[in-house]
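Spelled out from the first residue to the last, the chains are:
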Amino acid sequence: MKHKRLAAAVLAVAVVLAGCGSASDGAAPAGSGAAAQSAADTAVQTAQNDRITEQFTLEKTIRDDYNITQKLTIHVPQLVCDGPDAAYLNDELAAMYAADFRQYEDSPEIEPQQDEWCPETYINWDAYWYGDCVSLVMFRYDGGSDPGYSRGWCFDFATGQQVSMAEMLQRMGLDPDAVQQQMLREAMQTFDRDMAQGGYYEGLRSGGNLASMRMNTLENNQLDDLCLLLPEQNRLVLRGGCSSTAGWGWRQLDVEIPLQAADPQPQTVLTDTYSSASVQLEGTQGTITLRRTPETAAWAADYGIRLEQDRTYPILGIYNEYIDLCIGELGASFHPVVYLLTKDGVVEYVDVLHCLMFGSALVCQDPIYIANQGVALERSGREVNLRREDGSVLELAPLTAEWNAQEIPSEAVGAFNDMSDDQFDWMDVESSGSVQMGVQDNSVFYQGYADYLGVVPEGMVLGVSTNETADGMPGITFVAAMKYDLYNETLTLTMLDGQNPFAEGKTQLQLIRCPDY
C-alpha cells in the first residue's frame, strides 16, 4: 500500500471550496475545548486529502521487454486544482514518473520463482502542508545498492500558483539568503568530512575531478533544487545532497533549519600574524591583511605584484567551522600561506602569493584531505606543521605544493565561443592550464596559462594570466568563476577580479562550447 504522510503546520479550521479554494476560518464554539480542536484538525486533514489525489498507480510484478522480472510500485500524485500552474505541474509529474510505466498497466501479474532475483522500482510521494501551501516531495528508488533520490515542488492552493522555495521560507518568517548559506555550509562540510574519513583517493585530483565534485555539491544545493519537509509541527528540514565516491556518486543530505531564530552566540575570533601578513577569522568571514614592507615590495620585481600600501582582502570559498589557524611560508622568498584547521581536523589553506599572481581574489583552496585528524597548527621556523590526535606531526608545505598542482577541471577545458553583440570572441583552455583567447572581435590574440584556485557558489575559480601580445600589447590577468551547463553546453563566466576580456564592464558572460571534431 502507498504510504503518505501529512504534516500540518499553522493550520486553520478549513473546508475545501470550489476549484483550488482556500481554507476558510471558523470559530470554535465557546467551551468546546479539545474536542472542537480535534474535530477542526480532522476537517483540515480531510480538506488536504481532497486536494491531492493520484493520477497513476501501479503495483505489480511484471516481465519487461528484456524478459527480466521486475517489481513495480508506482504512485504519482496530481493536484486537484484548476489553473495553468497546476496543469503544468501535473503534466510534469506524469512525464517524469508515470510515462515509462504505462505500458505495463495491462501486463499480467508474474509470480517470481523462489530463487529469482527481482529488481524493484519504487516511486512514491509525500505532502507537507503549511496553511494552504503544500510541499510535494517525490521519491524514486531503482533498486540495487544506490540510494533513492527526491525532488520537490511547492504549490499554493489559495492562489492556484506554484511558489518558489524562497517564497515558502519567507512565509515561515525565514531569511532565504541565510538559509541558503547554511545549506551550502552543511553540504560542503559533509562532503569534506566524508573525503577525509576515507572517500578521497589520489586519482580524484587528475582531470579536476575533486574540484568538480565540490562544485557539484554547491551547485545542487541551491534553494530551488531542494525539497522542503515538515516531518513534525514546527520542524523544518531541507533535503539536498552532496557528491560521493560511493555508489552512483551522490548521497542524500537532510538539514534541519530552526523555525525560530536562536539567540546569537558570540563567534570565536581566530587571528595570527607572521612577518608582513596577518589573518582574522570570525565564523566563515575571514580577511587577510598584507603590509607594505621590503618583503612585499620585492614582489614587484620578482612576480610583477605591486602592493603600494597596506591592504586587506576577504577570503573567498570558506565553508567549514574552524578551531585554529596559522601563517607560514612556501618556497625560498616571502611566500605566505594561511592554514585553517576545521573542527573535523582537516587542513584547508589560502596560498596568498599564488592567488595574487592573477589579481586580488584570495580563494581558499580545496582541503588537504590527507592532512586530517588534526588538533592544532604549529609554526616551525618558516613553515607550518599539523599536530595530530596521536601526537604525530605532519609537514604541510610539501602537501601544499602538491595540492596546488591540480589540473584544470574538465568542465572548463575545451574551446568556447562568445558571439554576443555581433562579435566573435573565443577562449581555448587545456587541462594543463595552457590558455589562448581571441578578443575584441578576434582582433587581439592572447596566450598564457590558467590555474585552479578553488570553488565558490558561482563556479570553479580560475586565475588567468597572459603574455604580451605579438603586437606589443601588455598581457592581462583576471580571476573568474566558471560554471558549465551540461545540457545547454554553455560556460557561465563570472568575474571575481580584473577586467572582463570579452565584454568590458560586464561581470557575467555566457560562452558556448565548440563541438569536437
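Worth saying up front: this structure is predicted, and the values here are computed from it rather than measured.

**Considering the overall build of the protein**
For step 1, the next point in the chain: Tallying secondary structure elements over the protein gives 9 helices and 30 strands in all.
For step 2, the next point in the chain: Burial analysis of the protein (517 residues in total) assigns 49% to the buried set.
For step 3, the next point in the chain: Long-range pairs, those at least 24 residues apart, make up 54% of the contacts in the protein with a sequence separation of at least 6.
For step 4, the next point in the chain: On the protein, roughly 24,300 Å² of surface is accessible, and the fraction owed to carbon and sulfur atoms is 46%.

**A few points about the environment of Glu430**
For step 1, the next point in the chain: Relative to the elements of secondary structure, Glu430 occurs in the loop between strand S24 (425–429) and strand S25 (434–439).
For step 2, the next point in the chain: Between the C-alpha atom of Glu430 and that of Pro409, which follows or precedes it by 21 residues, the distance is 9.7 Å.

**Re the pairing of strand S29 (residues 490–498)**
For step 1, the next point in the chain: In the sheet, strand S28 (residues 477–485) pairs with S29 via 8 bridges, with the strands oriented antiparallel. By the bridge assignment, Val479 is partnered in S29 with Asp497.
For step 2, the next point in the chain: Where S28 folds back onto S29 in an antiparallel hairpin, the turn is made up of 4 residues, including Glu489, whose phi is positive at roughly 55°.
For step 3, the next point in the chain: Here 5 bridges tie S29 to strand S30 (residues 508–513), and the two strands are oriented antiparallel to one another. Looking at S30, one finds that Thr490 is bridged to Ile512.

**Section: the confidence of the model for the protein**
For step 1, the next point in the chain: Per-residue pLDDT for the protein averages 88, and the proportion of residues at 70 or more is 90%.
For step 2, the next point in the chain: Within the model, pLDDT remains below 50 along residues 1–19, and this stretch shows 59 contacts once partners closer than five positions in the same chain are excluded.
For step 3, the next point in the chain: Note that pLDDT drops below 50 for residues 23–37; the model gives that stretch 11 contacts with residues more than four away or on any other chain.

**Some points on the pattern of salt bridges**
For step 1, the next point in the chain: Tallied over the entire structure, the rule returns 18 salt bridges.
For step 2, the next point in the chain: The residue Arg235 makes a salt bridge to Glu256 at a minimum N-O spacing of 3.1 Å. Here the residue Arg235 occupies a position in strand S9 (residues 235–243), and Glu256 occupies one in strand S10 (residues 250–257), the gap between them amounting to 21 residues.
For step 3, the next point in the chain: For Arg235, a relative accessible area of 28% translates into the label partly exposed.
For step 4, the next point in the chain: Its salt-bridge partner being Arg387, residue Glu378 comes within 3.0 Å of it at the nearest N-O pair.
For step 5, the next point in the chain: One network of salt bridges, with partners in common, ties together Asp156, Glu167 and Arg171.

**Focus on the side chain of Arg513**
For step 1, the next point in the chain: Note on placement: Arg513 falls in strand S30.
For step 2, the next point in the chain: Polar side-chain contacts of Arg513 include one of 2.9 Å to the side chain of Tyr484.

**Quick look at the sheet that holds strand S17 (residues 347–351)**
For step 1, the next point in the chain: One open sheet holds the 4 strands; their spatial order is S15-S16-S17-S19, and the pairing between them is antiparallel. In this open sheet, the two strands that pair with only one neighbour each are strand S15 (322–329) and strand S19 (365–368). Pairs of neighbouring strands in the sheet enclose a mean axial angle of 25°, with direction left out of account.

**A look at the sheet that holds strand S26 (residues 444–456)**
Two pairing modes exist for strands in a sheet, parallel and antiparallel, and in both the strands are linked by backbone hydrogen bonds.
For step 1, the next point in the chain: Reading around the barrel, the 8 strands line up as S23-S24-S25-S26-S27-S28-S29-S30 and close back on themselves, with antiparallel pairing between neighbours. Strand after strand, the sheet turns through a mean of 35° between neighbouring axes, direction not considered.
For step 2, the next point in the chain: Relative to S24, strand S23 (residues 414–418) is paired through 5 bridges, and the arrangement is antiparallel. Its bridge partner being in S24, Asn417 is matched across the sheet by Trp426.
For step 3, the next point in the chain: The strands touched by helix H5 (residues 209–219) are S26, strand S27 (459–466) and S28; relative to S26, the strand with the most contacts, the crossing angle is about 65°.

**Some remarks on the environment of Leu341**
For step 1, the next point in the chain: Topologically, Leu341 is positioned in strand S16 (residues 336–342).
For step 2, the next point in the chain: With relative accessibility at 0%, the residue Leu341 sits in the buried group.
For step 3, the next point in the chain: Not counting residues within four places of it along the chain, the set of residues in contact with Leu341 comprises Glu321, Tyr322, Ile323, Asp324, Val346, Val347, Gly374, Val375, Ala376, Leu377 and Leu386.

**Topic: the pairing of strand S6 (residues 149–156)**
For step 1, the next point in the chain: Pairing of strand S5 (residues 133–141) with S6 involves 8 bridges; the strand directions are antiparallel. When the bridges of S6 are listed, Val137 appears paired with Gly152.
For step 2, the next point in the chain: Here 3 bridges tie S6 to strand S7 (residues 161–163), and the two strands are oriented antiparallel to one another. Paired with Cys154 across the strands is Val163, a residue of S7.
For step 3, the next point in the chain: Hairpin connection, S6 to S7: the antiparallel pair is bridged by 4 residues, and Gly160 has positive phi, about 70°.

**Here's the deal with unusual backbone geometry**
For step 1, the next point in the chain: One non-glycine residue with positive phi stands out, namely Asp441, at about 55°.
For step 2, the next point in the chain: Looking at the element boundaries, Asp441 is found in the loop between S25 and S26.
For step 3, the next point in the chain: For Asn442, which is not glycine, the phi torsion reads 65° and is therefore positive.
For step 4, the next point in the chain: Here Asn442 is to be found in the loop between S25 and S26.
For step 5, the next point in the chain: Residue Asn442 is classed as partly exposed on the basis of its relative accessible area of 38%.

**Side note on the packing of helix H4 (residues 176–199) against H5**
For step 1, the next point in the chain: Packing of H4 against H5 leaves a shortest axis separation of 9 Å and a crossing angle of 150°. What the angle tells us is that H4 and H5 run roughly antiparallel. Our pair here, H4 against H5, has a crossing hand that is right-handed. Only Leu210, Met213, Arg214, Thr217 and Leu218 of H5 make contact with H4, whose side of the interface consists of Leu184, Ala187, Met188, Phe191, Asp192 and Met195.
For step 2, the next point in the chain: In terms of residue class, the contact of H4 with H5 is made up of 8 nonpolar, 1 polar and 2 charged.

Analysis parameters
Residues numbered from 1 in each chain as written. Predicted model: local features only at pLDDT ≥ 70, side-chain atom pairs only at ≥ 80, totals over all residues. Heavy atoms only, no water. Helix = DSSP H or I, 4+ residues; strand = E, 2+ residues; numbered from the N terminus. Buried < 20%, exposed > 50% of the residue type's maximum accessible area, 1.4 Å probe, protein only. Contact = heavy atoms within 4.5 Å. Areas by Shrake-Rupley, 256 points an atom, 1.4 Å probe, with all protein chains shown as cover. Pairing = 2+ DSSP bridges. pLDDT = per-residue confidence, 0-100. Salt bridge = Lys/Arg side-chain N within 4 Å of Asp/Glu carboxyl O. Polar contact = N/O pair within 3.5 Å; in protein donor to acceptor, adjacent residues only side chain to side chain. Axes fitted to C-alpha atoms, helices over the stretch in contact; angles between N-to-C directions. Parallel < 35°, antiparallel > 145°, perpendicular 65-115°, else oblique. Left-handed = near helix turned anticlockwise from the far one by under 90°. Nonpolar A, V, L, I, M, F, W, Y, C, P; charged D, E, K, R; others polar.

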